[in-house]
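Inside the fold
The residues making up each chain are set out below.
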Amino acid sequence: MKIVVAQNAGFCFGVKRALDLVARAAEDTSRAVYTLGALIHNPQEITRLRQHGVREVESLDEVTDGALVLSAHGVDPEVVETARARSIEVIDATCPFVKRAHGHIVTLSQEGYSVVILGDKGHREVEGLAARAGRKAEIVTSAEEATALLFRRRYGLVVQTTQRPDALRQVAGALAQRCRELRVFNTICEATVKRQDSARALAEQMDLMIVVGGRNSANTARLREICQSTGTVTYHVETAEEVDVRWLSGARSVGVTAGASTPAWIIEEVTARLRSLAGETGSP
Ligand code: F3S
């Protein structure tokens, strides 16, 4: 059985940067290091950070001293203000591509555009984006939702960094019918586009696709949707143990891709398990 890993898979620049920042902060054991929620959307990597003394808290009220590392997804600016007011050291691991989207939202708001965000409601990055518009932004997940918005003079559209370009095109098209002037910022990051293109190209050639990544990872969910859209049977796993031998029945080729927050060691464990299961079953 042929096992091929997608050309672009696993950790992106922003996630690597966030992990480097938190690792450097944790080296100084004279003070505690906290993250507000999970630093990245990968439970196995978060467990590894915990073993290095990094504590994950749900609220700023749980932090009384030490350093707070902001996640790659960014946070509401109020969190930063409150932390600084309480003399908590803030280490900003927000991905520069997310920051660029923040900047576009601030500009649109200042210039009088009604801000629309294409993104997953409740996702931390999207909440951070909406906060930049003073929480007045409309969040939509589809062209249908954009079509239902009120008619306004000027809409400004910004997109969660991990969305699909085709979804952006559809929402922009729908929004253009709901206003006199539309300004669109394509804030989908390059790492996302590369991972999506590689996943699609591989899925088109393989009998089976395995997408590896956190269940709470938005970009991993997009990769699964893209692989499925090619018609290739696709499974999403978080760990190697979840790969089921029955999935391999009749498959001559298996493609593996992984979300931007999936570490290389998990991808390697998944491919090792696939090789071992293929050996057991005598797959062609
Ligand atoms: Fe940044 Fe894109 Fe990764 S926004 S965190 S480089 S998926």
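Anything mentioned here points back to the structure above.
Overview of the structure. Here the structure is a predicted model, which is why all the values come from computation and not from measurement. (Residues numbered from 1 in each chain as written. Predicted model: local features only at pLDDT ≥ 70, side-chain atom pairs only at ≥ 80, totals over all residues. Heavy atoms only, no water.)

A rise of 1.5 Å per residue sets the reference length of helix α8 (residues 190-203), with its 14 residues, at 20 Å; its end C-alpha atoms lie 20 Å apart and thus fit the reference within 8%. Among the residues making up α8, those that are buried are A191, T192, R195, Q196, S198, A199, L202 and A203. Axial view of α8: buried residues confined to an arc of 165°, hence all on one face. Contact partners of the buried residues in α8: β1 (2-5), α7 (165-176), β10 (208-212), α9 (218-229) and β12 (253-258). (Helix = DSSP H or I, 4+ residues; strand = E, 2+ residues; numbered from the N terminus. Expected span 1.5 Å × (residues − 1). Buried < 20%, exposed > 50% of the residue type's maximum accessible area, 1.4 Å probe, protein only. Arc of directions from axis to C-beta. Contact = heavy atoms within 4.5 Å.)

One non-glycine residue, S87, lies in the positive phi region at around 60°. Summarising the element assignment, S87 is placed in the loop between α3 (77-85) and β5 (89-92). The class of S87 is exposed, set by a relative accessible area of 68%.

This part is about helix α2 (residues 43-51). Turning to α2, its buried residues number three or more, namely Q44, E45, I46 and L49. Among the residues trailing α2, G53 stands out with phi positive, at a value near 90°.

One open sheet accounts for 4 strands, arranged β3-β2-β4-β5; its pairing is parallel. Of all strands in the sheet, those bounded by a partner on one side alone are β3 (54-57) and β5. Adjacent strand axes in the sheet meet at a mean angle of 30° when their direction is disregarded. In the sheet, strand β2 (residues 33-36) pairs with strand β4 (residues 67-70) via 3 bridges, with the strands oriented parallel. Residue T35 lies in a different strand from β4, and its bridge partner there is V69. (Pairing = 2+ DSSP bridges. Axes fitted to C-alpha atoms, helices over the stretch in contact; angles between N-to-C directions.)

A few words on the packing of aromatic side chains. How two aromatic rings sit relative to each other is set out by the distance from centre to centre and by the angle between their planes. Under the criterion given, the structure shown has 2 aromatic pairs. Seen from their ring centres, F13 and F97 are 5.9 Å apart, and the 70° between their planes marks the pair as edge-to-face. With a gap of 84 residues between them, F13 in helix α1 (residues 13-27) and F97 in helix α4 (residues 96-110) connect regions that are remote in the sequence. On the basis of relative accessible area, F97 is assigned to the partly exposed category, the value being 26%. Relative to W247, the ring of Y235 lies with its centre 3.9 Å away and its plane at 5°, an arrangement referred to as stacked. Remark: W247 occurs in the loop between β11 (233-237) and β12 and Y235 occurs in strand β11; sequence separation between them is 12 residues. Cation over ring: R154 sits above Y113, and NZ or CZ is 4.4 Å from the ring centre. (Phe/Tyr/Trp six-rings, centres within 6.5 Å; stacked < 30°, edge-to-face > 60°. Lys NZ or Arg CZ within 6 Å of the ring centre and 35° of its normal.)

Next up on the list: the site of the ligand. Taken together, the neighbourhood of the ligand is formed by C12, G14, V15, C95, F97, T161, C189, T192 and A260. Each residue belonging to the shell around the ligand can be placed in one class, and the counts come to 6 nonpolar, 3 polar and no charged. (Near = heavy atom within 4 Å. Nonpolar A, V, L, I, M, F, W, Y, C, P; charged D, E, K, R; others polar.)

Quick look at the nonpolar core now. V22, L39, L49 and V69 are the most contacted members of the largest nonpolar core, which totals 23 residues. Elements represented by at least two residues in this core include exactly α1, α2 and β4. With 7 residues, the single largest contributor to this core is α1. The contact partners of V69, leaving out residues within four places of it in the chain, are V22, V33, Y34, T35, L36, L39, I91 and A93. (Core = buried A, V, L, I, M, F, W, Y, C linked by side-chain atoms within 4.5 Å.)

Using the criterion set out here, one finds 17 salt bridges in the structure. Of the charged contacts, one joins R222 and D120 as a salt bridge, the two residues approaching to 3.2 Å between their closest N and O atoms. In this pair, R222 sits in helix α9 while D120 sits in the loop between β6 (114-118) and α5 (124-132), placing the two residues 102 residues apart along the sequence. Across the pair R164 and E225 runs a salt bridge, and its minimum N-O distance is 3.4 Å. Within this pair, whereas R164 is found in the loop between β8 (152-159) and α7, its partner E225 is found in helix α9, the two being separated by 61 residues in sequence. The partly exposed category is assigned to E225, whose relative accessible area is 27%. (Salt bridge = Lys/Arg side-chain N within 4 Å of Asp/Glu carboxyl O.)

What follows is about the side chain of S253. Examined against the element boundaries, S253 turns out to sit in strand β12. A polar contact of 3.0 Å, which involves the side chain of S253, links it to the backbone nitrogen of D207. Beyond its immediate sequence surroundings of up to four residues, S253 is in contact with M1, K2, Q205, M206, D207 and L208. (Polar contact = N/O pair within 3.5 Å; in protein donor to acceptor, adjacent residues only side chain to side chain.)

A separate point is the side chain of S71. Tracing the backbone through its elements, the reader meets S71 in the loop between β4 and α3. Polar contacts involving the side chain of S71 include one to the side chain of R124, which spans 3.2 Å. Setting aside its immediate chain neighbours within four residues, S71 contacts A38, L39, A93, T94 and R124.

What is shown is where atoms sit, not what they do.
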